[in-house]
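If you want the building blocks of each chain, they are given just below.
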Protein chains: 2
Amino acid sequence: MNKLKKGCLIIFSGPSGAGKDTILSKVMAKKDNLKLSISHTTRVPRENEVNGKSYYFVSEKEFMEMVKNGEMLEYAKYCGNYYGTSVVKVKDELEKGNDVILEIEVQGAEQVMKKIPEALSIFVLPPSLDELKIRLKNRGTDSDEVINRRVKEAENEIALAHNYDYVIINDDIEKSVEQEFKIIELQEMKSQKMKHIIDEVLNSEKNINR
Amino acid sequence: MNKLKKGCLIIFSGPSGAGKDTILSKVMAKKDNLKLSISHTTRVPRENEVNGKSYYFVSEKEFMEMVKNGEMLEYAKYCGNYYGTSVVKVKDELEKGNDVILEIEVQGAEQVMKKIPEALSIFVLPPSLDELKIRLKNRGTDSDEVINRRVKEAENEIALAHNYDYVIINDDIEKSVEQEFKIIELQEMKSQKMKHIIDEVLNSEKNINR
C-alpha cells in the first residue's frame, strides 16, 4: 500500500506574528514524515537565522535567475523582499511519500493553489490585529515603521483567508498545534488518496464464493 | 459568534453491513449538536425497528405523494424499496445550528451533493467484500438471496466512494468512530464556516491606535 502513497503538499500561510513558526516546529516534532520546504529569499537574515535552515539567502540577481529558469514553484514580493519555493526539493520529498509544508504568503499560495489544486491549504489567524501588533512588538526585531507595515500587510492577507481550506485561530498555541496536526492527519482519509484502497476492496470480491 | 453559525450537513454512506449504524450511534453519543435525519422508507420494518425512530415507514403511495410535492431532499430505490429524506426537518436543525447527518445510499447522496455542494460527505468501507458477507450473515436478518444481492449492490456503491470527501475503512470500530468524529469536528475550521471570524479579526483593526 505504502508504495502507492505519494505525499501531500501543504500550504501554510498567515500574517507575520500570527505564530506560524511556533506551530510548525511543534507539529513537525510530532510527525515524522512531514518536511518543511526551505524558501529562497532576498531579505537580510535576522540575527539568529542560518543560511539553508530558515531560508536560503540569495541576492536579487540570483533569485531572478531562478525565476527565469523556471525553478520556482511560486514566488512573491513581500515587504520589499522576494520569497520563493524551489520546485526540485518539494517534488523529491513528495515522491518519497513525505508530506511537504510550504510556509508562504498569500500571493505565493495563490500560485500554488492554481498549479496544484489538490494541495491542502491552512491559514493561521491572530485573535485580533491588536494582539498581532503586540506580538510583533514583543518579538523586538522590527522597527515601529516595519511593524506598522506588517500590520497593514496582515489586513490584506487576512482578507484572503477564505481562499484556504482551513483557518486556525491562534489564541492558544497548544490548541492550534493540535488542530493543525489533525487537519494534516485527516488528509490521509481524503477519498482521492484512498483510491488504491477502494480498488483493493473491490478486487477482494474475486475470492467470494457465490 | 454562535448566532451566526449554521449547522453542517453531513452525508454518510456505505454498503449495508459496513458498520454505519454502529459508528453513528457512538459518534452521536460523543457529540451533542449532531442530529440524525430520519429517512422515510417503503421497506418492511425489521423486528426491532420502531416507526419514527429508525425510519418513518410509509406506503409507496404516501412516499410518491411526498416526492410529487417536492418534500424530498433526495430519494432513491434500493434493493426494491424507496428511501428518502424529507427536507423540512433537515432545514430546521441546520437553522438551529445543529449538524445533521444523512445516512443515505449513493444515489441519494449524489442528489444531495449536487443540490448542496458544501455538504460534507463520508463513505464507510468494509475491509473487504468477504468480511462484508460474513457481517451480513452474522446479522442473521436477511436470507442468503438478499445477502448476495446486498454484496452485489455493495460493489456498485464502493465504486462510487471516490466521489465522497472522506473514506473510512471500518476494520476497527473505535478507530472508525474516532476518525468520523475528527472529520466532523474539523468542519468547524473550514474557511467557509470561518468567514464571520475572519471579518471580526479584520474589524478589530479599527481599535488600533497607529
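All values reported here derive from a predicted model rather than from experimental measurement.

Student: What should I look at first to understand the interface of chain A and chain B in this one?
Tutor: Reports of interface size often rely on the accessible area that becomes lost once the parts have come together. On the side of chain B, 39 residues touch chain A, which itself brings 37 residues to the contact. Elements supplying a minimum of two residues to the side of chain A that touches chain B: β8 (120–125), α5 (129–139), α6 (144–158), β9 (166–169), α7 (173–186) and α8 (195–203) of chain A. Of all the elements, α8(A) adds the most residues to the side of chain A that touches chain B, at five residues. Residue classes in the side of chain A that touches chain B are distributed as 21 nonpolar, seven polar and nine charged.

Student: For this particular structure, what's the right way to read the packing of α5(A) against α6(A)?
Tutor: Helix-helix packing: each pair is described by the crossing angle between the helix axes and the interaxial distance. All names here are of chain A. Closest axis-to-axis distance for the α5/α6 pair is 10 Å, and the angle between their directions is 145 degrees. Every pair of crossing elements has a handedness; the one defined by α5 and α6 is right-handed. Two secondary-structure elements touch here, α5 through L129, L132, K133, L136 and K137 and α6 through I147, R150, V151 and A154. When grouped by side-chain class, the residues that make up the contact of α5 with α6 number six nonpolar, no polar and three charged.

Student: Would you take a moment to explain the relation of the copies chain A and chain B for this structure?
Tutor: Mapping chain A onto chain B calls for a screw motion: a turn of 180 degrees about the axis and a shift of 0.0 Å along it, with 0.1 Å RMSD after fitting. This pairing of chains is accounted for by a two-fold axis. Of every C-alpha in chain A, the one belonging to A:K182 sits nearest the axis of rotation, 3.7 Å from it. Mapped onto chain B, 100% of the interface residues of chain A are again interface residues, and the two copies thus contact each other with one and the same surface.

Student: Help me understand the environment of B:P117, please; the structure alone is not making it clear to me.
Tutor: Residues and elements named next belong to chain B. By secondary structure assignment, the location of P117 is in the loop between α4 (106–115) and β8 (120–125). With 7 C-beta atoms counted inside 10 Å, the residue P117 sits in the exposed group. Between the alpha carbons of P117 and H162 there is a distance of 15 Å; along the sequence they are 45 residues apart.

Student: Would you explain the confidence of the model for chain A in this entry?
Tutor: If pLDDT is low for a region, its predicted coordinates should not be looked at in detail. Overall, the prediction assigns chain A a mean pLDDT of 90, with 95% of residues at 70 or greater. The ipTM for the predicted assembly is 0.73, set against a pTM of 0.79.

Student: How should I be thinking about the environment of A:M189 in this particular structure?
Tutor: Within the secondary structure, A:M189 is located in the loop between α7 and α8. With 20 C-beta atoms packed within 10 Å, A:M189 lands in the buried category. Not counting residues up to four positions away in its chain, the partners in contact with A:M189 are A:M194, B:Y166, B:V167, B:I168 and B:Q179.

Student: Honestly, the sheet that holds strand β5 (residues 72–78) of chain A in this entry has me stumped. Any pointers?
Tutor: Residue and element names in this part refer to chain A. Strand order in this open sheet of four strands is β4-β3-β6-β5, and the pairing throughout is mixed. Unpaired on one side and paired on the other, β4 (55–57) and β5 mark the two borders of the sheet. Each neighbouring strand pair of the sheet contributes to a mean axis angle of 25 degrees, computed without reference to strand direction. Bridge count between β5 and strand β6 (residues 81–86): six bridges; the pairing is antiparallel. Bridge pairing links Y78 to N81 in β6. Contacting β5 and β6, helix α3 (residues 87–95) crosses the sheet at an angle of about 35 degrees to β6. Where helix α4 (residues 106–115) meets the sheet, it contacts β5 and β6, and its direction lies at approximately 155 degrees from that of β5.

Student: Explain the pairing of β8(B) to me, please; I cannot follow it from the model alone.
Tutor: Sheet faces and side chains relate simply in a regular strand, where the side chains alternate between the two faces. Residue and element names in this part refer to chain B. Judged by how many residues are buried, β8 sits mostly within the fold: six of six residues are covered. Of the two faces of β8, the one holding L120, I122 and V124 and the one holding S121, F123 and L125 are both buried throughout. With four bridges joining them, strand β1 (residues 9–13) and β8 adopt parallel strand pairing. Counted as the bridge partner of S13 is F123 from β8. Bridge count for β8 against strand β9 (residues 166–169) is four bridges, and the pairing is parallel. Of the residues in β9, the one forming a bridge with F123 is V167.

Thresholds, definitions, all that
- Residues numbered from 1 in each chain as written.
- Chains lettered and ligands numbered in written order.
- Predicted model: local features only at pLDDT ≥ 70, side-chain atom pairs only at ≥ 80, totals over all residues.
- Contact = placed C-beta atoms within 7 Å.
- Helix = DSSP H or I, 4+ residues; strand = E, 2+ residues; numbered from the N terminus.
- Nonpolar A, V, L, I, M, F, W, Y, C, P; charged D, E, K, R; others polar.
- Axes fitted to C-alpha atoms, helices over the stretch in contact; angles between N-to-C directions.
- Left-handed = near helix turned anticlockwise from the far one by under 90°.
- Least-squares fit on C-alpha atoms with pLDDT ≥ 70 in both.
- Buried ≥ 20, exposed ≤ 12 C-beta atoms within 10 Å, placed from the backbone.
- pLDDT = per-residue confidence, 0-100.
- Pairing = 2+ DSSP bridges.

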